[in-house]
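Per-entry structural report
Single-letter residue listing:
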Amino acid sequence: MTIDTRTKGTLTLLLCVSAFTLPWTVGALLLLSTFLLPLLSSAFRPISDRSRRAFRRFSLYAAVLAGVLILLNSILLREGTALFTFLGIPLFDGGFLFGVKTATRLLLLSFSLLHFFLSTPIRIIASELQQTRIPPQIILSLLLALHFIDRLPARIERIFAAQEARGAPIRSSFFRRVKSFFTILTPLILTSISESIDRGIALELRGFHSGVRLLDAPPSTRSSVILSRAFLTLSLLLILWRIIRWVLL
Amino acid sequence: MGLVVEIRNLVYQYSPHLPNALGGISFNVLPNTCCAILGPTGAGKSTILQAISGILRSHHRQGKAEGVIRIGDVIHQPIPDKSQFPNVGYVLQEPEVHISGLFETVAEEITFTLRTLDVPPTLHADRVRRITDALGLGHLLHRNPTHLSGGETQRVALATILVAEPPILLLDEPTTSLDIHGQMRLYEYLRKIKQTTTLLIAETNIDLALFVADYLVVLEGGQIVFNGTKAEFIQRIADFSSILAATEWHDILKSIANPRTRAEKRLASVLAK
Amino acid sequence: MTIQVKNISFRYHETAEWVFRDLSLSIEGKGLTLLLGQNGAGKSTLLRLLNGLLKPVRGSIQVAKRDTAVTTTSEISRHLVVTFQNPGDQLFAPTVEKELQYAPFQMERENISTLVTETAALFGLTPSLSRHPYDLPPAQRKMLAVASAVSSGSPMLAFDEPSAGLSQIERSVLTKAISILKHSRMLIIVSHDFHLFLPLSDRVIALGGASVAFDGTAQEFLSVSSLLRRHGLLLPPSFRMKRLLGLPLL
């Protein structure tokens, strides 16, 4: 099944909105369904080997972080009864459930976004945004932010390599890697911001603000227009429903 | 055809807490000539190029400028307040930033400039081929522009602007990452296009100035310490040896100052062009 | 101080072209070796192979008698430190002094403050010790990246285009530092700036055709123009002009 970028984007928006408006059990089902998306449509498959590797790595980190979140909530939110003890510390079912709910919502949000960005080249996102009424300067800022995130792993690797070449035993343990990462955070952000600014200037110097589309996108089909409008409408309705519920309660 | 660039009493201060980056400089660049701006790091070379290109005003809002810049028939007082592309093409000092990251091949990256100029698509292939042949990029057209070496990146960055064939071209240290081949190719290309383009090149590499430039301006601390023809500069090159990387040229230029042998006369005529 | 490269072949991935095929070379003792070649000849790749960031597909590399295939880069750096072209990827301390202290601290050297003081003096960085590296002008940041390798105390140093983007003052400081260091350490420099480093070189290695195209002294290098042309290596215009005028090249 082929899906155009606009439909994909509005579906992603709907999934993100669902993460915080629908019950967590529905969110859990939707989370499982996000893993089926690449199987159902090539539009959701990672566009390169690098994207596939990034997805695998993210999934691992996300699972670990979710586990940590659930554990911490079970320990710190002392609600309900103690389920069992972990290293002598009691874990409470109230906290455990809260942790599971929060982790589910965050995982649905992050995996929805991840599937979208790993399966959509930046220039296609830019091209779609240029069709909207968003000012070119804002589109440029978004593009530069995406580019920054896209190049970030390679940049971090280069800095790690430079540190290692000066004697830091980066690869000796995970802890050392994390410690080294915090050491480089400030210069990484400083040089990345400066490079992003220069990159934005370079695009401006080539007439980016003239509004020319980055590529000629094929016209949308009737079904994709209907689908994307339906997803957008559903998202708005969910937000509205949530606001009304909050006001009434 | 190239346009004239005229700078009159240009003063620029990046912020109230900093000294003037440019302290009232004036010089002209005639159409279809090449002017090389030489000077040590921090002398103000890039500031001049950024002022002419229009990005200085648009990206440093707290900067203060005085003076006048004339580009062709248009007078800007003090400096242009937005990008002057396509009249002015500007290649920044860090070539990596010209690789947008939006395209998967070098050909697409270069073609994007032509799209912004509304050049008819039927002309794209020819224009791209001409510039890539001139810069030796033919074998890289299908490569990913984010996976190139430093020298290759610099040549692609040049191509993204040169393909627009702007009447005024500003280059900021274009030879930094190039090997000798790349440098010679670039000199050849610039010597060819200066017949139809006004060139303004900031450099620390004196070779480019000697092989391509018609006029030279030497900057130090935001002030002009030399402004004249290449012949006049060659006579006085020893005066600037402390601020310019030119020591290897001293003996050469002394030998050909009063050429006697055939080799000396030949080299004198090569440098005089 | 030894580097032994034995019959190495390397490419970045299975479908890529070979960068090196059956390349061998050996560098021993103090002195300056200049590594030349066209863009794309593999000079930077070779430096990454020497310090273990990349591993050869075939053959072996021994640095200070340690096989790079089974030794970590951080361990190799105790003997050989490599600096790369972009200083933005290499500077991460809050002050110049801490930047210079980083490597000898990681390597647990005993005389860290002496190494830092001497290196700062050699590169004219003494007045800037308390400054943030990103407050330095770009050319001085480049010098700091080079100096931070020197302060490591490692006996072998390799610099990738150390003079690119430097103006006259910084180049003079750099060449003076190189001329002093080469008497006590093994230096390998990758550079297009012939005129700066050729006169200081004890040995020139030129890469071309996925292997070593030339290996000899600077004087020998300048005399084999046909070989250089075959491998796409050009002398800079100033050198060619000097040759035509009969002026000394070195």
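Structure: above.
I will try to describe carefully the structure that is included in this document. In this text, all values refer to a predicted model and were calculated from it rather than measured experimentally.

**A few points about unusual backbone geometry**
That bond from B:Q77 to B:P78 is cis: its omega, 0°, falls within 30 degrees of zero. In the segment running from B:F85 into B:P86, the intervening peptide bond is cis, with an omega of 5°. With respect to the helices and strands, the residue B:P86 is situated in the loop between β5 (74-76) and β6 (88-91). The phi torsion at C:D22 lies on the positive side, around 55°, for a residue other than glycine. Mapped onto the fold, C:D22 is located in strand β2 (residues 20-28).

**Quick look at the sheet that holds strand β3 (residues 34-38) of chain B**
All names here are of chain B. Reading across from one edge, β6-β7-β8-β3-β9-β10 is the order of the 6 strands in this open sheet, with mixed pairing throughout. Here the strands that pair on one side only, and so sit at the sheet edges, are β6 and β10 (223-229). On average, adjacent strands in this sheet sit at an angle of 15° to one another, irrespective of strand direction. In this sheet, β10 lies alongside strand β9 (residues 215-220) in antiparallel orientation, the contact comprising 6 bridges. Residue E220 lies in a different strand from β10, and its bridge partner there is Q223. In the packing of helix α5 (residues 150-162) onto the sheet, contacts are made with β6 and β7 (168-172), and the angle to β6 comes to roughly 170°.

**Considerations on the interface of chain C and chain B**
Interfaces are often sized by the accessible area lost when the parts come together. Counting residues at the interface gives 27 residues for chain C, matched by 33 residues for chain B. Between chain C and chain B, a total of about 2500 Å² is buried, with carbon and sulfur atoms accounting for 67% of that surface. The largest share of the area that chain C buries against chain B comes from C:Q168, C:M241 and C:L245, three residues that together contribute 25% of it. Our count for the chain C to chain B interface comes out at 0 salt bridges. Counting across the interface, chain C meets chain B through 0 residue pairs in polar contact (both at pLDDT 80 or more). No other element matches helix α10 (residues 237-245) of chain C, which puts 7 residues into the side of chain C that touches chain B. Residues belonging to the side of chain C that touches chain B are distributed by class as follows: 14 nonpolar, 9 polar and 4 charged.

What counts, and at which threshold
- Residues numbered from 1 in each chain as written.
- Chains lettered and ligands numbered in written order.
- Predicted model: local features only at pLDDT ≥ 70, side-chain atom pairs only at ≥ 80, totals over all residues.
- Heavy atoms only, no water.
- Helix = DSSP H or I, 4+ residues; strand = E, 2+ residues; numbered from the N terminus.
- Pairing = 2+ DSSP bridges.
- Axes fitted to C-alpha atoms, helices over the stretch in contact; angles between N-to-C directions.
- Contact = heavy atoms within 4.5 Å.
- Buried area = accessible area lost by both parts, 1.4 Å probe.
- Salt bridge = Lys/Arg side-chain N within 4 Å of Asp/Glu carboxyl O.
- Polar contact = N/O pair within 3.5 Å; in protein donor to acceptor, adjacent residues only side chain to side chain.
- Nonpolar A, V, L, I, M, F, W, Y, C, P; charged D, E, K, R; others polar.

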